[in-house]
Amino acid sequence: MELIIDQEKMLSLMMSFYNVTSMRFVLFNNDYEEILAYPFRGHPFCLHMQKNNEFLSRCETCNHTHFVKCSKTMKTEIYYCHFGLVEITVPLIVHNKIIGYVMLGQITDKKNYNDLFQSAKQYIKNNNCSDAIDWELLKQIQYFPQEKLIAITKILEACTNYIVSNELLDVKKSSIVDKIITYIDENFLEIDNVNDICSALKISRTSLYSLFQKSFHTGIQKYIVSLRLDYAKKLLEETDLPIYEIAYKSRFNDYNYFSHVFNKTFKHAPSFYRNKNL
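Residues numbered from 1 in each chain as written. Predicted model: local features only at pLDDT ≥ 70, side-chain atom pairs only at ≥ 80, totals over all residues. Heavy atoms only, no water.

Estimated volume of the largest pocket: approximately 780 Å³. Where the lining of the largest pocket is concerned, the elements lending two or more residues are α3 (53-73), β6 (97-107), α10 (220-238) and α12 (255-266). In terms of residue count, the dominant contributor to the lining of the largest pocket is α10 (7 residues). Of the residues assigned to the lining of the largest pocket, the class counts are 9 nonpolar, 8 polar and 8 charged. When its volume is computed, the second largest pocket comes out at roughly 560 Å³. (1 Å grid on protein atoms, 1.4 Å probe; cavity = no way out; pocket = protein on both sides within 12 Å on 5 of 7 lines; lining within 4 Å. Points joined across faces, edges and corners; volume = space filled by probe spheres on them. Helix = DSSP H or I, 4+ residues; strand = E, 2+ residues; numbered from the N terminus. Nonpolar A, V, L, I, M, F, W, Y, C, P; charged D, E, K, R; others polar.)

Take a look at the structure:
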């Protein structure tokens, strides 16, 4: 997937975010590659520790693990890195597809820096590493209490909506992947199986599965189901149709299956969701 970035506006947003929070704002593509950041360099403590190739590899593995988790849940991930620092990853979603991620990190929620020092020291000991921890660099890591981290996360999520709605980041059109997505988005209620897509776009099943998984880190059927669930949710909100009819119109022929996947996705049964939105 090739991305188009409005670099001037994106950097302006990143700088504004940094001026308010003093937190580094990093943009990744959906292959988990860093493509833009402000400030341009990471925290001195992390840069110092990453001079050790073993630590650098573990940092990259930690990031990758949580990118994969984020790609599966399509939700914000807040987690601790191997040194005990807090990282926040939010997916950038366009038409139910992840096109990239924004990340904040290299901060701590430990008020006592000695606790952070002991955590990092224990990590080094457990991994039989001899590298010394620079106490002065460690003390430069910013402390944020949990309530402030939650507030900043909400602001970051609002920023991702701003990035998408104002097209600061978008997908370059005209590739075969875009044709696949466009076809599915326009025909998700009529598609009976993968063969329909293959026939319409003159592409093999093998190529279709491979391209879709590589580009969006999800399966075709799962994506189609997500579109149908969003459609059903819209009907629940905007019509008085019986729920069984909504299930049928959304291409769920088994009402029990519809109720199960709806509840799993939106954390509420269809009937509860409708009553909640009356």
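Right, picking up where we left off after that structure.
What follows deals with a positive patch on the surface. Taken together, the side chains of K72, K75, K222, K264 and K267 define a basic patch exposed on the protein surface. Assignment of secondary structure puts K264 in helix α12. Judged by relative accessible area, K264 falls into the exposed class, the value being 60%. (Patch = residues over 30% accessible without salt bridge, like charges linked within 9 Å, V, L, I, M, F, W, Y side chains within 5 Å. Areas by Shrake-Rupley, 256 points an atom, 1.4 Å probe, with all protein chains shown as cover. Salt bridge = Lys/Arg side-chain N within 4 Å of Asp/Glu carboxyl O. Lys, Arg positive; Asp, Glu negative; His and termini not counted. Charge placed at Lys NZ, Arg CZ, Asp CG, Glu CD. Buried < 20%, exposed > 50% of the residue type's maximum accessible area, 1.4 Å probe, protein only.)

This brings us to the packing of aromatic side chains. Evaluation of the coordinates by the stated rule reveals 20 aromatic pairs. Measuring from centroid to centroid gives 5.0 Å for F212 and F216, while their planes differ by 55 degrees, and the two rings are tilted. With F212 and F216 both in helix α9 (residues 205-216) and 4 residues apart, the pair spans about one turn of that helix. In this structure, F212 and F216 share a single accessibility class: buried. Aromatic rings pair up to connect F252, Y255, Y257, F258, F262, F266 and Y273 into one cluster. (Phe/Tyr/Trp six-rings, centres within 6.5 Å; stacked < 30°, edge-to-face > 60°.)

Looking now at the packing of helix α1 (residues 7-21) against helix α6 (residues 146-165). Their axes nearest at 12 Å, the elements α1 and α6 cross at an angle of 165 degrees. With respect to α6, the element α1 is oriented roughly antiparallel. Relative to α6, the crossing made by α1 is right-handed. Touching M10, L13, F17 and T21 of α1 are I152, I155, L156, C159, Y162 and I163, all from α6. In terms of residue class, the contact of α1 with α6 is made up of 9 nonpolar, 1 polar and no charged. (Axes fitted to C-alpha atoms, helices over the stretch in contact; angles between N-to-C directions. Parallel < 35°, antiparallel > 145°, perpendicular 65-115°, else oblique. Left-handed = near helix turned anticlockwise from the far one by under 90°. Contact = heavy atoms within 4.5 Å.)

A separate point is the sheet that holds β6. The 5 strands are arranged β3-β2-β6-β5-β4 in an open sheet whose pairing can be described as antiparallel. This sheet does not close on itself; its edge strands, each paired only once, are β3 (34-38) and β4 (77-80). Neighbouring strand axes in the sheet, compared pairwise and without regard to direction, differ in orientation by 20 degrees on average. Bridge count for strand β2 (residues 25-29) against β3 is 4 bridges, and the pairing is antiparallel. From the neighbouring strand, L27 faces β3, where its bridge partner is L36. (Pairing = 2+ DSSP bridges.)

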